[in-house]
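# What the coordinates show
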Amino acid sequence: MKSWTRREFGRSTGAMVLAGLGPRLAASESKARVVVVGGGIGGATAAKYLAVSAPTIEVTLVEPKPNYTTCFFSNLYLAGLCSLESLTHGYETLAQRYGINVIHDSVAAVDPVAKTVGLKSGPKLPYDRVVVAPGIAFNYEALAGYDEAATQVIPHAWNAGLQTQLLRRQLESMEDGGVFVLVAPPNPFRCPPAPYERASLVAYYFKQHKPRSRILILDAKDSFNAQDLFLDAWGRHYRGMIEWLPAQFTGGIKAIDVKERSVKTASETFKAAVANVIPPQMAGQFAQQNGLVDHSGWCPIDPITFESTLQPGIHVVGDASSAGDMPKSAFVANSQAKACAFAISAALTGSERQSSHLFNTCYTFLSPDDAVSNAISFKPAAGTIKIVDNFVSQVQESAENRHRAAREAQSWYSAFTRDTFG
């Protein structure tokens with residue numbers, strides 16, 4: 001069984017250069033200041049690796065919440081296979097071990113002329129560079145009948161926490177024999193396999209507790225990530241329980257009727273006992289308000305430094321960035337943040353610039369003992385970021401391999417969150 005360690009994460013994304021940077025940076029008299037906005041995977045990783053790679057840089061992390069709950073692995077919570085507490089991480093280690101100034105506040109705006117980050121509580125933080133990790137926002141205008149208020153009746157559960165708890169309570173109170181309707185969003189969106197992993201693990205829960213229930217996936221797309229792996233697994237584990245309807249079959253999602261708890265497509269209206277609508281997505285609100293978003297709804301960046309091409313001096317990492325072939329995933333956010341941190345360290349301290357090592361790996365559960373994985377490496381090329389190599393699990397794999405992947409996924413989660421939060 002493979003056991004993931006922090007060293008492996010660092011090695012896969014370039015952290016091995018730290019040993020070479022340390023002595024030179026320690027001698028530097030730089031007092032540069034970097035403010036990191038957003039304490040999700042991208043922001044927390046950037047803050048930590050800035051502090052580690054360049055101890056003379058003053059690093060401040062601004063995040064309104066005291067803890068971060070990972071959206072990845074939250075489908076296990078919906079299936080009753082883990083607690084939400086086990087997916088929740090604080091910032092104490094980043095402050096105490098790495099000397100990061102952690103401020104729990106919201107950012108009002110970034111002033112790129114004065115080079116200050118204004119906090120909603122009043123103070124302004126001067127900076128030499130800013131790293132922002134604004135994550136995603138939901139494009140409610142693209143889905144008639146569904147808005148933020150509607151999420152209290154029909155949750156999206158695409159930000160882990162209260163929304164995930166609400167969806168789980170609804171699944172638990174649903175009568176056996178009901179239909180769980182899941183609306184999958186158009187591309188691009190956070191974590192491409194996750195809607196279908198959710199269907200798999202909810203089916204597992206139904207199989208244990210409500211075996212007459214069914215799952216209907218109404219997709220905004222005609223195909224989805226790792227489709228052959230999911231269709232194979234649904235046939236083996238949940239025969240007759242999951243039905244997937246692509247947009248070409250339904251004519252696409254037209255509206256949500258919150259009062260009736262139903263989804264209208266071009267061809268039919270589907271009534272749900274429990275509905276889960278994952279809306280279309282775009283870069284987080286902070287990015288939109290600070291001039292970091294282009295016509296695509298996402299943030300264009302330099303593929304090496306992750307500096308915004310619209311706002312010099314501001315770097316964007318994680319789901320909000322428009323990063324070529326890189327998917328919007330937690331590991332990608334972590335990888336981008338490290339590359340960004342090393343680039344900023346080099347720029348502010350005069351140390352040698354290192355080449356980027358961009359990587360993604362993730363595990364997807366089809367059942368508690370059946371998981372698949374992928375590993376993809378990328379490199380900057382022709383002004384964007386391209387895939388250079390990849391591994392993806394295959395349909396024909398043995399049950400032993402899948403069981404091993406499920407166990408590896410647990411150690412992956414532990415090592416990955418330690419690498420991010422301390």
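Residues numbered from 1 in each chain as written. Predicted model: local features only at pLDDT ≥ 70, side-chain atom pairs only at ≥ 80, totals over all residues. Heavy atoms only, no water.

Scanning the protein from N- to C-terminus turns up 12 helices and 24 strands. In terms of C-alpha radius of gyration, the protein reaches 22 Å, essentially the compact-globule figure of 22 Å for 422 residues. In terms of its C-alpha atoms, the protein occupies a principal-axis envelope of roughly 70 × 45 × 40 Å. Put simply, the protein has 422 residues, and 58% of those count as buried. Taking all contacts inside the protein whose residues are at least 6 apart in sequence as the whole, residues at least 24 apart take part in 68%. Carbon and sulfur atoms make up 48% of the accessible area of the protein, which totals about 17300 Å². The average position of the 39 basic charges and that of the 37 acidic charges among the side chains of the protein differ by 3 Å. (Helix = DSSP H or I, 4+ residues; strand = E, 2+ residues; numbered from the N terminus. Rg over C-alpha atoms; globule rule 2.2 N^0.38 Å. Buried < 20%, exposed > 50% of the residue type's maximum accessible area, 1.4 Å probe, protein only. Contact = heavy atoms within 4.5 Å. Areas by Shrake-Rupley, 256 points an atom, 1.4 Å probe, with all protein chains shown as cover. Lys, Arg positive; Asp, Glu negative; His and termini not counted. Charge placed at Lys NZ, Arg CZ, Asp CG, Glu CD.)

Our focus in this paragraph is the sheet that holds strand β6 (residues 107–111). With antiparallel pairing, the three strands of this open sheet are ordered in space as β6-β7-β8. Each end of this open sheet is capped by a strand with a single partner; those strands are β6 and β8 (124–126). When the angles between neighbouring strand axes are averaged without regard to direction, this sheet yields 20°. Both β6 and strand β7 (residues 116–119) contribute to a ladder of four bridges, which runs antiparallel. Residue pairing for β7: A109 is matched across the bridge by G118. (Pairing = 2+ DSSP bridges. Axes fitted to C-alpha atoms, helices over the stretch in contact; angles between N-to-C directions.)

With respect to topology, three strands assemble into an open sheet ordered β14-β15-β16, the strand pairing being antiparallel. With one partner strand each, in any of the chains shown, β14 (253–257) and β16 (269–271) form the two edges of the open sheet. Averaged over all pairs of adjacent strands, the angle between strand axes in this sheet comes to 20°, irrespective of strand direction. Bridge count for strand β15 (residues 262–265) against β16 is three bridges, and the pairing is antiparallel. Paired with V263 across the bridge in β16 is F270.

Three or four residues apart is the spacing at which side chains of an α-helix point the same way, because the helix has 3.6 residues per turn. Spanning 16 residues, helix α7 (residues 194–209) covers 22 Å between terminal C-alpha atoms, matching the ideal 22 Å at 1.5 Å per step. Within α7 the residues assigned to the buried category are A194, P195, Y196, E197, R198, A199, S200, L201, V202, A203, Y205 and F206. (Expected span 1.5 Å × (residues − 1).)

What follows covers the packing of helix α11 (residues 330–349) against helix α12 (residues 399–421). One can describe the packing of α11 onto α12 by two numbers: an axis separation of 11 Å at closest approach and a directional angle of 35°. Remark: the crossing between α11 and α12 carries left-handed chirality. Taken together, the residues of α12 that come into contact with α11 (itself represented by A330, F331, N334 and K338) are W412, F416, D419 and T420. When its residues are assigned to classes, the contact of α11 with α12 shows four nonpolar, two polar and two charged. (Left-handed = near helix turned anticlockwise from the far one by under 90°. Nonpolar A, V, L, I, M, F, W, Y, C, P; charged D, E, K, R; others polar.)

Formed by 113 residues in total, the largest nonpolar core has its most connected members in I217 and W234. Looking at this core, the element that brings in the most residues is α11, giving 11 residues. Non-local contacts of W234, meaning those with residues more than four positions away in its chain, are made with Y196, A199, S200, I217, F224, R239, I242 and W244. Membership of the second largest hydrophobic core comes to 17 residues, among which are L143, I154, I253 and F270. (Core = buried A, V, L, I, M, F, W, Y, C linked by side-chain atoms within 4.5 Å.)

Right, let's talk about the environment of N139 for a bit. As for its position among the elements, N139 is in the loop between β10 (136–138) and α6 (162–173). We classify N139 as partly exposed; its relative accessible area is 24%. Residues in contact with N139, not counting those within four places in the same chain, are P280, Q281 and M282.

Turning next to the environment of G350. For G350, the location among the structural elements is in the loop between α11 and β22 (358–367). Expressed as a C-alpha distance, the spacing of G350 and G251, which sit 99 residues apart in the sequence, is 56 Å.

Scanning the entire structure with this criterion turns up 12 salt bridges. In this structure, R236 engages D232 in a salt bridge whose closest nitrogen and oxygen atoms are separated by 3.0 Å. Taken together, the residues span about one helical turn, with R236 and D232 both in helix α8 (residues 227–237) at a distance of four residues. Accessibility expressed as a relative area gives 44% for R236, which makes it partly exposed. Accessibility expressed as a relative area gives 24% for D232, which makes it partly exposed. (Salt bridge = Lys/Arg side-chain N within 4 Å of Asp/Glu carboxyl O.)

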